[in-house]
Amino acid sequence: MRELVLGVDLGGTKILSGIIGTDGGILAKSRLLTPAGGPERVLDTIAASAAQLLQASGIREQEITGIAIAAPGPLDFAEGMVRDSPNLGWGRVKVKEELSRRMGRPVIVEKDTNMAALGEYYYGPYSKCRELLYITVSTGIGAGIIIGGNLYRGRAGGAGEFGHMVVDAQGALCNCGRRGCLEALASGNAISRQLDEMAGQGRGQGILACTPAGKRPGPRELAAAARQGDEEAELLIARIVQYLGIGIANLANLLNPEVIILGGGVMLGLRDLLLQPVREYVQRHAFALNREDLIIDCTALGDDIVLYGCVAAVSIKDVK
Ligand SMILES: [Zn+2]
């Protein structure tokens, strides 16, 4: 019988909530901006928007099998606690305890990239691949790791911080305090920062020409300029491909996965500009044993990938 799950994808900029069936059908969905004002306000908003979603959909609370929340990392899995999250700007926040209290029943809390990896593993086209990595390239960069068909969280839940793999020791300063992390060089935030620097030096005119008046240029404008053949845009994308390629080749050599799935707003926005060049980079740089049968692809689950993970986290009893 189909079960229903309430899933919430909490991000630094938006809160996506949904009611999803175990058959993969999404019955209702809502999207809100993440409010400013700290964790209390954000947690209150999540609880209120979940109640509103139930009411608007006409689904009774008793019909929901479970509630799962995806939160940015680092996340202590046993405690369900966000710890020093640069994307949320939070210190230690007991998300699991606080939301269970607000929602009147136990909730599952998992790191967003882990949840996405579960979504891909249970609802994506590569679900037979028991060694699967999911990588999000969005405002930040992170990974979820499936090994032998199980989610790999590490000792305390801290595994998968792929965005903080250093790929250039002399590179730009990262929010985490180190230099040359992948996230500081190839994420949406890093792209916007580099475009600002170029504009400050009077460069990147072709990219600015693709930017609506009053808007700050970002990944979308970069992609538009590159598709028109703008050389500066192509050069910046080639650097992003190189950094992602270094990181992904490192992962392929470290973990020898069957499939690496790429998602997130930047990846899905730039898609063709990144996917094939990254595949080619990895083919040139990873060991033959690790690259020969390696599949690298974009997710087919789009923005809803984390919601699919929420269903898996609640309904698949062997999720470990
Ligand atoms: Zn970092």
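Parameters at a glance
Residues numbered from 1 in each chain as written. Predicted model: local features only at pLDDT ≥ 70, side-chain atom pairs only at ≥ 80, totals over all residues. Heavy atoms only, no water. Domains from an automatic or database assignment. Buried area = accessible area lost by both parts, 1.4 Å probe. Salt bridge = Lys/Arg side-chain N within 4 Å of Asp/Glu carboxyl O. Polar contact = N/O pair within 3.5 Å; in protein donor to acceptor, adjacent residues only side chain to side chain. Helix = DSSP H or I, 4+ residues; strand = E, 2+ residues; numbered from the N terminus. Expected span 1.5 Å × (residues − 1). Buried < 20%, exposed > 50% of the residue type's maximum accessible area, 1.4 Å probe, protein only. Contact = heavy atoms within 4.5 Å. Pairing = 2+ DSSP bridges. Axes fitted to C-alpha atoms, helices over the stretch in contact; angles between N-to-C directions. Phe/Tyr/Trp six-rings, centres within 6.5 Å; stacked < 30°, edge-to-face > 60°.

As assigned here, the chain comprises domain 1 (4-112 + 304-315) and domain 2 (125-300). Carbon and sulfur atoms supply 47% of the area that domain 1 and domain 2 bury against each other, a total of about 820 Å² over both sides. Where domain 1 meets domain 2, there are 2 salt bridges. Glu 110 is the partner of Arg 153 in a salt bridge, and the nearest nitrogen-oxygen pair spans 2.7 Å. At the boundary of domain 1 with domain 2, the tally comes to 4 residue pairs in polar contact (both at pLDDT 80 or more). Counting only elements with at least two residues in the side of domain 1 that touches domain 2, the list comes to strand 5 (75-76) and strand 8 (107-111).

Here we come to the pattern of salt bridges. Applying the stated rule across the entire model yields 17 salt bridges. With a closest N to O distance of 3.8 Å, Asp 303 and Arg 31 form a salt bridge. Placement of the pair is Asp 303 in the loop between strand 13 (295-298) and helix 11 (305-315) and Arg 31 in strand 3 (residues 26-33), with a sequence separation of 272 residues.

A separate point is helix 5 (residues 188-200). Taking 1.5 Å of rise per residue, 13 residues should cover 18 Å, and helix 5 covers 18 Å from first to last C-alpha, within 8% of that figure. Those residues of helix 5 not exposed but buried are Gly 188, Ala 190, Ile 191, Ser 192, Gln 194, Leu 195 and Met 198. Buried residues along helix 5 sit against helix 4 (182-186), helix 6 (205-209), helix 7 (219-227), helix 8 (231-255) and helix 9 (265-285). Just downstream of helix 5 lies Gly 202, where phi reads positive at about 75 degrees.

Moving on, we come to the sheet that holds strand 1 (residues 4-10). An order of 3-2-1-4-8 is seen for the 5 strands of this open sheet, with the pairing classed as mixed. In this open sheet, the two strands that pair with only one neighbour each are strand 3 and strand 8. Between one strand axis and the next, the sheet turns by 15 degrees as a mean value, whatever way the strands run. In the packing of helix 2 (residues 95-103) onto the sheet, the strands contacted are strand 4 (64-71) and strand 8, and the crossing angle to strand 8 comes to about 150 degrees. Sheet strands in contact with helix 11 are strand 1, strand 2 (14-21), strand 3, strand 4 and strand 8, and its direction is about 130 degrees off that of strand 1.

With that settled, the discussion passes to the packing of aromatic side chains. The tally for this structure, following the rule as stated, stands at 2 aromatic pairs. For the pair Tyr 121 and Tyr 122, a centre-to-centre distance of 5.0 Å together with 80 degrees between the ring planes defines the contact as edge-to-face. Taking relative accessible area as the criterion, Tyr 121 reaches 7% and is therefore assigned buried. A relative accessible area of 24% places Tyr 122 in the partly exposed class. Each ring, one from Tyr 123 and one from Tyr 308, has its centre 5.6 Å from the other, and the planes form 40 degrees; the classification is tilted. Of the two residues, Tyr 123 is situated in helix 3 (residues 112-123) and Tyr 308 in helix 11; the sequence distance between them amounts to 185 residues. Overall, the relative accessible area of 15% leaves Tyr 308 in the buried class.

Now for unusual backbone geometry. Cis geometry is found at the peptide bond from Gly 73 to Pro 74, where omega equals -10 degrees. Mapped onto the elements of the fold, Pro 74 is located in the loop between strand 4 and strand 5. Look at Asp 84: it is not a glycine, yet its phi comes out positive at around 55 degrees. Checked against the element boundaries, Asp 84 lands in strand 6 (residues 81-85).

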